[in-house]
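For reference, the chains in residue letters:
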Amino acid sequence: MTTPASTPTPARTIALPGGLTVTVQEFGENTEGTGVLVLHGGAGPRTVAGISSALSEHAYVVTPTHPGFDGTPRPEHFDTVADLAVAYLDLLDTLDLKGVMVIGNSIGGWIAAEMALRDNQNRIGALTLLNAVGIHAHMVENRVVDPRTMAPSDISQLSFANAEFRPDFASFTDEQRAAGAANQKTLAVYGGAHFTYDPKLRGRLHRVTVPVLVVWGEEDGIAPLKYGRGYADSFPNGHFAPIANAAHFPQIEALGATLGATLGAIGDFVSTVVKPGEMD
């Protein structure tokens, strides 16, 4: 049976090894020692709030804010996607969660892939990558767009298939603009010189043994559909689910639970690949 989607508990700060702290929101209760870890992309944690709440019908969900985003502290030495991957494995250790599905959108998917490569405590049971970045495309036309020199309105145009979901930047307050700029500055730190990829990541993904679902908004102007198919093909147990009428944020534009939408694709993946016969 399913339970109603829960509202998040108040954000709390968790201390991790090495003196790092991470701010998390939790949806539902940790009653079974497992759950879902949801990792946001460069647009911030609000972009995954809806899917985190929806998934809490089925599982305990943890949604961290990457250090440096939304005003959270980021230590000076903490500056790579690999640092984030290790921190979130430490978070799973601290919460003592096993069999976790890690879901990541955009750079969050990159972090998820890096986590799976480093998971020597076997905390992760599956990955779901939502229009993830992180690998380098062999063909120029399939490469991820570098948004650093683009206007926010142009990025929004490429990121959302449906105009109704595009932010109205003209309505933003000075505070909102400053917060967005600070988040983008933090994103640039984590992305490093190549910003959207690690040139060596694709060649390492054959070592990821857990099942991986790659969900892709078909109309993504940031990371093309063929890039997504290439990502899925890089994993030994990779599966690909294209989502129509959605772009870089399928968890926003096509969240629904029916097949052909984001939650539907995840549910089908769980019931047929991750835990056959055990899905609600």
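That block above? That's the structure.
Q: Whenever I open this one, the environment of Thr7 confuses me. Can you help?
A: Checked against the element boundaries, Thr7 lands in the segment before β1 (12–15). Thr7 gets classed as exposed once you look at its relative accessible area, which sits at 66%. As for Thr7 and Ser53, which are separated by 46 residues in sequence, their C-alpha atoms are 6.4 Å apart. For Thr7, the contacting residues outside a window of four places in its chain are Glu26 and Phe27.

Q: In this structure, what is going on with the environment of Glu219? I would like to understand it.
A: Topologically, Glu219 is positioned in the loop between β7 (212–217) and α6 (225–233). By relative accessible area, which is 45% here, Glu219 ends up partly exposed. Taking the C-alpha atoms as reference points, Glu219 and Ile243, 24 residues apart in sequence, are found 8.6 Å from one another. If we skip the residues at most four places from it in the chain, Glu219 touches Leu158, Ala161, Asn245, Ala246 and Ala247.

Q: I would appreciate a short explanation of the layout of surface pockets in the present structure.
A: Empty pockets left among the atoms are what a rolling probe the size of a water molecule brings to light. As a volume, the largest pocket reaches approximately 1300 Å³. As for the largest pocket, its lining consists of 41 residues, and the residues nearest its centre are Gly42, Ala43, Phe169, Gly180 and Gln184. At the level of secondary structure, the elements contributing two or more residues to the lining of the largest pocket comprise α4 (152–159) and α5 (174–191). Take the lining of the largest pocket: its biggest share by element is 11 residues, from α5. Per-class residue counts for the lining of the largest pocket are 22 nonpolar, 13 polar and 6 charged.

Q: Quick question: what am I supposed to make of the packing of helix α2 (residues 81–95) against helix α3 (residues 107–118) here?
A: When two helices pack together, their arrangement is given by the angle between their axes and by how far apart the axes lie. Between α2 and α3, the shortest axis-to-axis distance is 8 Å and the interhelical angle comes to 65°. Relative to α3, the element α2 lies roughly perpendicular. Note that α2 runs across α3; the crossing there is right-handed. Contacts from Val81, Ala82, Leu84, Ala85, Val86, Tyr88, Leu89 and Leu92 in α2 reach Ile107, Trp110, Ile111, Glu114, Met115 and Arg118 in α3. Looking at the contact of α2 with α3, its residues break down into 12 nonpolar, no polar and 2 charged.

Q: Sorry, what's going on with unusual backbone geometry here?
A: Not every positive phi belongs to a glycine, and Asp96 is a case in point at roughly 55°. Checked against the element boundaries, Asp96 lands in the loop between α2 and β5 (100–105). With phi around 60°, Ser106 is a residue other than glycine that occupies positive phi space. Locating Ser106 in the fold gives a position in the loop between β5 and α3. Taking the relative accessible area as the measure of exposure, Ser106 reaches 11% and is therefore buried.

The rules we used
- By convention here, each chain's residues receive numbers from 1 onward along its written sequence.
- Since the coordinates come from a predicted model, pLDDT governs what is reported: local features require at least 70, and pairs of side-chain atoms require 80 or more to be given and counted, while whole-chain, interface and lining totals use all residues.
- Side-chain numbers come from the whole structure's heavy atoms, not from hydrogens or water.
- Labels follow the DSSP assignment, with helices taken as runs of H or I lasting at least four residues and strands as runs of E lasting at least two, numbered in each case from the N terminus.
- For each residue, the accessible area found with a 1.4 Å probe, counting protein chains only, is set against the maximum for its type, and the residue is called buried under 20%, exposed over 50%, and partly exposed in between.
- Note on contacts: a residue pair is in contact if any heavy atoms of the two residues lie within 4.5 Å.
- Definitions used for this entry: grid spacing 1 Å over protein atoms alone; cavity, a set of points where a 1.4 Å probe fits but cannot get out; pocket, an open set with protein on both sides within 12 Å along at least 5 of 7 lines; lining residue, one with an atom within 4 Å of a point.
- Grid points are joined across faces, edges and corners, and a volume is the space filled by probe spheres set on the points.
- Amino acid classes used here: Ala, Val, Leu, Ile, Met, Phe, Trp, Tyr, Cys and Pro are nonpolar; Asp, Glu, Lys and Arg are charged; the rest, including Gly, are polar.
- Note on geometry: axes are lines fitted to C-alpha atoms, helical ones only across the stretch in contact, with angles between N-to-C directions running from 0 to 180 degrees.
- When an angle is under 35 degrees it counts as roughly parallel; over 145 it counts as roughly antiparallel; between 65 and 115 it counts as roughly perpendicular; any other value is oblique.
- Handedness of a crossing is defined here by the sense of rotation of the near helix relative to the far one, left-handed for an anticlockwise turn of less than a right angle and right-handed for a clockwise turn.

This is a description of form; function is not addressed.
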